[in-house]
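Secondary and tertiary structure notes
One letter stands for each residue in the lines below.
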Amino acid sequence: MSADNSPLVIGFLCNWCSYAGADMAGTSRQSYPTNIRIIRVPCSGRVDPLLIVKCFEEGADAVLVAGCHPGDCHYNEGNYYGRRRFALLRALLDFMGIERERFRTEWVSASEGKRFAGIITEFTDQMTKLGPRKAS
Amino acid sequence: MAADFTRQIREKAKELLEGGTVECVIGYETGTDGVSARPAFVYDAADVDRLVFDNTCTHNLVKYLLNRKGKSTAVVVKGCDSRALNLLLSEKQIQRDQVYAIGVVCPGVVEWGWNRRSDRTQDRCGWCRQHTPVVSDFLVGEPVTEEPPAGYSDIAEMSAKTSEERAAFWKEQAERCIRCYACRQACPGCYCIDCFVELLEPEWVGIRIAPEENWMWNTVRAFHLGGRCIACNECERVCPVNLPLSLLNRRLEQEVVDLFDYRAGMSEDAPAPLITFKKDESLGIGE
């Protein structure tokens, strides 16, 4: 949670699709909330669950992992591995009291700038409604 | 029954050591209190009478095979332990031809008691649907057929709570954790030479014993066993502050069954769910 009480969202964006998608959102003058702190990673399959758990440990309200659409991975199969990992991790985090909504995975291609802006806006709104993390 | 099991294990161990099939037999012997079993390493056929088997034989001896890589070893395995054998075989940590598994159809094991035999069966034996070893070269006892595992009432109870209550519950547990890593040391699936928790670069978990660091440790320990935990529950048994670690393990086990229809350690060949994938699966994320 940042100082002005708005949610802090950490975004892991894959270099080849989603980061380029965020770039596209910028060059096409889409606006979206500044709550997201973007971390550029080579692939969504590179996102170690440790990174996500660490974000929550350090007080992030939400984590977004965005990668290439299934079938479009630059490394052919990175996002398939990631998909399994994140599905399992989300269940564990939910069981430990971090609501399912707080950890989201999205597939955003390099041309989907407008969609990227929409996802961030919607996600931030959802987190604002949900409020800060409890008991942690 | 226990006496008969003990006799059969001793005879087999003697035969294996005398014939030179293995250099060492890992089994159980009576501990210093005269009641509870402890792990025993027998190298000489003259010593096989140390070996025993009864309902205090709780340890998962498969863990010790990791220290005997490349050396022929026989190991006494209960049903749950035998799944660990499959886990380590599938992960290429041990070689099948170097391990001789003396399987025991497990009668269930009891809680630990000093100087006296507890009559309380461990919780895990109530959940267990694998009393017969899934892999063995020699079987002690009559195999039993069992139904697949039923649901867990305590997990359902926990899942029915609000996120806030669950977060508070796990925060409380993290406050009690002393991060002795006994859970890791007892676990046959935790064998990384450099565990993430001890890395200094990057420093995933700080050295101070703070609740949030403990929370991170317990979360990631459980996740690293996701789809790999073979439900021997040794982590929970050895925990000096009695953290309910099996709640996390069993929740993940459930999710792995639901998502991937997979149970760890049931076969030597099936890869763990997180090291493989299907292109056209729907896991409810990114959709």
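Being a predicted model, the structure only gives us computed values, none of them experimental. (Residues numbered from 1 in each chain as written. Chains lettered and ligands numbered in written order. Predicted model: local features only at pLDDT ≥ 70, side-chain atom pairs only at ≥ 80, totals over all residues.)

Here the focus is the sheet that holds strand β2 (residues 36-41) of chain A. All names here are of chain A. Reading across the sheet, the four strands line up as β2-β1-β3-β4 and stay open at both edges, with parallel pairing between neighbours. Two strands lie at the open edges of the sheet, namely β2 and β4 (103-107), each paired on one side alone. Within the sheet, the average angular offset between the axes of one strand and its neighbour, ignoring direction, is 20°. (Pairing = 2+ DSSP bridges. Helix = DSSP H or I, 4+ residues; strand = E, 2+ residues; numbered from the N terminus. Axes fitted to C-alpha atoms, helices over the stretch in contact; angles between N-to-C directions.)

Residues and elements named next belong to chain B. As far as domains go, chain B holds domain 1 (2-140) and domain 2 (153-275). Taking only C-alpha atoms, the centre of domain 1 and the centre of domain 2 are 25 Å apart. Taken together, the contact pairs 17 residues of domain 1 with 19 residues of domain 2. Considering every element that reaches the side of domain 1 that touches domain 2, the biggest residue donor is helix α2 (residues 79-90), with nine residues. (Domains from an automatic or database assignment. Contact = placed C-beta atoms within 7 Å.)

What follows deals with the interface of chain A and chain B. How big an interface is tends to be reported as the loss of accessible area on association of its parts. Every contact between the two is made by 29 residues of chain A and, on the other side, 32 residues of chain B. Those elements that place two or more of their residues in the side of chain A that touches chain B are α2 (49-57), α3 (78-95) and β4 of chain A. Take the side of chain A that touches chain B: its biggest share by element is 13 residues, from α3(A). Its residues placed into classes, the side of chain A that touches chain B shows 16 nonpolar, three polar and 10 charged. (Nonpolar A, V, L, I, M, F, W, Y, C, P; charged D, E, K, R; others polar.)

Moving on: the nonpolar core. Formed by 119 residues in total, the largest nonpolar core has its most connected members in A:Val63, A:Leu92, B:Val75 and B:Val76. Counting residues per element, this core draws most heavily on α3(A), at eight residues. Counting the residues that make up this core, at least three belong to each of domain 1 (2-140) and domain 2 (153-275) of chain B. Excluding anything up to four places from it in sequence, B:Val75 contacts B:Ile26, B:Leu61, B:Val62, B:Leu65, B:Val99, B:Ala101 and B:Ile102. (Core = buried A, V, L, I, M, F, W, Y, C linked by C-beta atoms within 7 Å. Buried ≥ 20, exposed ≤ 12 C-beta atoms within 10 Å, placed from the backbone.)

Residue and element names in this part refer to chain B. Burial analysis of strand β5 (residues 99-104) places five of its six residues in the buried class, which makes it a mostly covered element. Taken together, the five bridges between strand β4 (residues 73-77) and β5 define a ladder with parallel strand orientation. Pairing of Thr-73 across the sheet is with Val-99, part of β5. After leaving β4, the chain enters α2 and then returns to the sheet as β5, a path that is right-handed. Sheet topology places β5 next to strand β6 (residues 138-140); three bridges connect them, and they run parallel. Bridge assignment links Val-104 to a residue of β6, and that residue is Val-140. (Right-handed = clockwise from strand over helix to strand, strands pointing away.)

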